[in-house]
Amino acid sequence: MNMERLFHNILKPTLGCTEPVAIALAVSAAGQATAGWYPDGEPLPLVGIPVSAVESVTLRVNKNVFKNCFSIYIPNTQGHKGIQMAAALGIFCDPRRQLEVFSDITPEHTRQAQALIQSGVVRVEVVSAPYTDLFIEADVVIVSDAGPVRGSCRIQDQHTKFSLIRRNEQELFRLEGLSESPEEPDDDQKELMKMDIADLLTLVSHLPAPVHDLIHKTIDMNRKASDVGLLEPMGLGTGYYESVEKGDLITYLASVAAAGSDARMSGYTVEVMSSAGSGNQGIIATMPIVAYAERAGLDEDTMIRAVALSHLVTMYITLYVGYLSALCGVAIKAGIGAACGVAYAMGGRGEEIGRAVKIMAATLSGMVCDGAKPGCALKVGSSADMAVRAASLAIKKMEVSDDNGIVAKTAEETIRNLAELSHSMDVVDQKIIQIMNEKIRR
């Protein structure tokens, strides 16, 4: 296993919620493909595409992507939100910026995106893509002096994973081995899936220097987001209102995590380090552990290793559950990761961390994902609260036996049961989409 490569795949900086970001990324790549651009190809040839030249922007996404773009604010847009806005803004983005495509958006870009939407050229369709949890396909038609040119881009499996790019019928880029079947994990991920909690603990005890530096950067980035959300009530103000109550340690740790989610879900221009494809997962897998370590006066090395373990567990669960899921990733992926990290920071190791996993599964396994929104901060706060409680109970040797619902004999079996539960909940996702479409019609 290449540890540095693995952690760089887990941890990626992002500005804004990752699903609207991925939509803008797909549209931007499709727009640039009309002039022949593809990943690792020539420098971007199109700059300042005029609104009048855009004949159509057609977006096809699966239900997981749709529900995470329904009501989330977009950075640098002065309070705009939604899937159509994300798609329209993609015309003005640079696809080389990956999850930071919204970094260069200006008020003029927002006005032009509004004009595109109002002219009716932006169309969105929810499609079935049963072979992947994340599917985005964008077609952009640009009219030039030589006539209309169509650029197409498909992103699937992961938020920055270009799989197919075309200019008219010409393939500019095709991912090697592309097929309409479930994604095969890469070599590092396959090795990770074979491991158990004891193996993960061995990994974090031998962190290479570049990974140590990346975790340090992750802490710095996500701390800034939390600090912003603690200064004033942003989004729902979940973290801010809880922090001003001067509560106990658990309340404090939950408020620190919720504040980071408040800031980013409000559309505030603050970057975070995402974990396994989610910015909120990045925050909860980092900040409760950091806040605990600082309150407890732990040395930096222990804090770094605890945070690294949290993100490893988050990715480990993601490989079984999926990047986007019917169950809330903040709770059953990064929340469990946070519980493991806090337990490690409290001095726990294999047995205690295994107990923490099972306690979390016994408590939060029913939390569904009903899309990205400011209310996600409530789930972040609740999951962080439970992560600290689970860690504390695990240290005290509380054990959830395997006759409790989906909880199994081991932490690893319990995680696989969570995955089975999530994969069986397609009808729940369909109902959530139906409710959202009713809101649109009203």
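The structure under discussion appears in the preceding block.
Residues numbered from 1 in each chain as written. Predicted model: local features only at pLDDT ≥ 70, side-chain atom pairs only at ≥ 80, totals over all residues. Heavy atoms only, no water.

**Some points on the pattern of salt bridges**
Opposite charge on two side chains permits pairing when their charged atoms draw close.
Phase 1 of the analysis: For the structure on display, the rule yields 21 salt bridges.
Phase 2 of the analysis: With a closest N to O distance of 2.7 Å, Asp139 and Arg60 form a salt bridge. Taken together, the residues span a long stretch of sequence, with Asp139 in strand β4 (residues 135-144) and Arg60 in strand β2 (residues 54-61) at a distance of 79 residues.
Phase 3 of the analysis: According to the relative accessible area criterion, Arg60 is buried, its value standing at 18%.
Phase 4 of the analysis: Here Asp139 and Arg150 are joined by a salt bridge, their closest N and O atoms 4.0 Å apart. Residue Asp139 is found in strand β4, and its partner Arg150 is found in strand β5 (residues 147-156); the two are separated by 11 residues along the sequence.
Phase 5 of the analysis: A network of salt bridges, in which partner residues are shared, links Arg60, Glu137, Asp139, Arg150 and Arg154. (Salt bridge = Lys/Arg side-chain N within 4 Å of Asp/Glu carboxyl O. Helix = DSSP H or I, 4+ residues; strand = E, 2+ residues; numbered from the N terminus. Buried < 20%, exposed > 50% of the residue type's maximum accessible area, 1.4 Å probe, protein only.)

**A word on the packing of helix α7 (residues 197-204) against helix α13 (residues 300-321)**
Phase 1 of the analysis: Two elements in contact, α7 and α13, have axes whose closest approach is 9 Å; the angle formed by their N-to-C orientations is 135°. Our classification of the angle between α7 and α13 gives oblique. Both α7 and α13 take part in a crossing whose hand is right-handed. Across the interface between the two elements, Leu200, Leu201, Leu203 and Val204 from α7 touch Arg305, Ala308, Leu309, Leu312 and Val313 from α13.
Phase 2 of the analysis: Along the lines of polarity and charge, the residues of the contact of α7 with α13 split into eight nonpolar, no polar and one charged. (Axes fitted to C-alpha atoms, helices over the stretch in contact; angles between N-to-C directions. Parallel < 35°, antiparallel > 145°, perpendicular 65-115°, else oblique. Left-handed = near helix turned anticlockwise from the far one by under 90°. Contact = heavy atoms within 4.5 Å. Nonpolar A, V, L, I, M, F, W, Y, C, P; charged D, E, K, R; others polar.)

**Observations regarding helix α15 (residues 350-364)**
Phase 1 of the analysis: Counted at 1.5 Å a residue, the expected span for α15 with its 15 residues is 21 Å, and the 21 Å between its end C-alpha atoms agrees.
Phase 2 of the analysis: The element α15 is largely enclosed, with a buried count of 11 among its 15 residues.
Phase 3 of the analysis: Looking at the buried positions of α15, the neighbouring elements they touch are α7, α13, α14 (329-345), α16 (376-395) and α17 (411-423). (Expected span 1.5 Å × (residues − 1).)

**So, the sheet that holds β4**
Phase 1 of the analysis: One open sheet accounts for six strands, arranged β3-β2-β4-β5-β6-β7; its pairing is mixed. Across the chains shown, the open sheet's two edge strands, defined by having one partner strand only, are β3 (122-126) and β7 (170-174). The mean inter-strand angle of the sheet, taken between neighbouring strand axes irrespective of direction, is 15°.
Phase 2 of the analysis: Of the pairings in the sheet, the one linking β5 to strand β6 (residues 162-167) comprises five bridges and is antiparallel in character. In the strand pairing of β6, Ser152 is matched with Arg166. (Pairing = 2+ DSSP bridges.)

**Section: the side chain of Asn62**
Phase 1 of the analysis: Its location among the elements puts Asn62 in the loop between β2 and α3 (63-67).
Phase 2 of the analysis: Not counting the four nearest positions on each side in its chain, Asn62 is found in contact with Val126, Val127, Ala129, Thr132, Asp133, Leu134 and Phe135.

**Some words on unusual backbone geometry**
Phase 1 of the analysis: The residue Asn76 is not glycine, and still its phi comes out positive at about 65°.
Phase 2 of the analysis: Position of Asn76 among the secondary structure elements: in the loop between α3 and α4 (83-90).
Phase 3 of the analysis: Given a relative accessible area of 19%, Asn76 falls into the buried group.
Phase 4 of the analysis: Despite not being glycine, Asp157 has its phi angle at roughly 75°, a positive value.
Phase 5 of the analysis: Along the chain, the position of Asp157 falls in the loop between β5 and β6.
Phase 6 of the analysis: With a relative accessible area of 8%, Asp157 lands in the buried category.

**Some words on the packing of aromatic side chains**
Phase 1 of the analysis: Across all of its chains, the model carries five aromatic pairs by this definition.
Phase 2 of the analysis: Judged by centre distance (5.4 Å) and plane angle (75°), the rings of Tyr240 and Tyr241 are edge-to-face.
Phase 3 of the analysis: Cation over ring: Arg295 sits above Tyr252, and NZ or CZ is 3.9 Å from the ring centre.
Phase 4 of the analysis: Positioned above the aromatic ring of Tyr344, the side-chain terminus of Arg349 is 3.7 Å from the ring centre. (Phe/Tyr/Trp six-rings, centres within 6.5 Å; stacked < 30°, edge-to-face > 60°. Lys NZ or Arg CZ within 6 Å of the ring centre and 35° of its normal.)

**Quick notes on the state of the cysteines**
Phase 1 of the analysis: Inspection of every chain in the model, using the stated rule, returns zero disulfides.
Phase 2 of the analysis: A disulfide-free cysteine, Cys153 has its sulfur positioned 13 Å from the sulfur of Cys93, the nearest such atom.
Phase 3 of the analysis: No disulfide involves Cys369; its sulfur sits 6.2 Å from that of Cys328, the nearest cysteine.
Phase 4 of the analysis: A relative accessible area of 13% means that Cys369 is categorised as buried. (Disulfide = S-S within 2.5 Å.)

Purely geometric numbers; function is a separate question.
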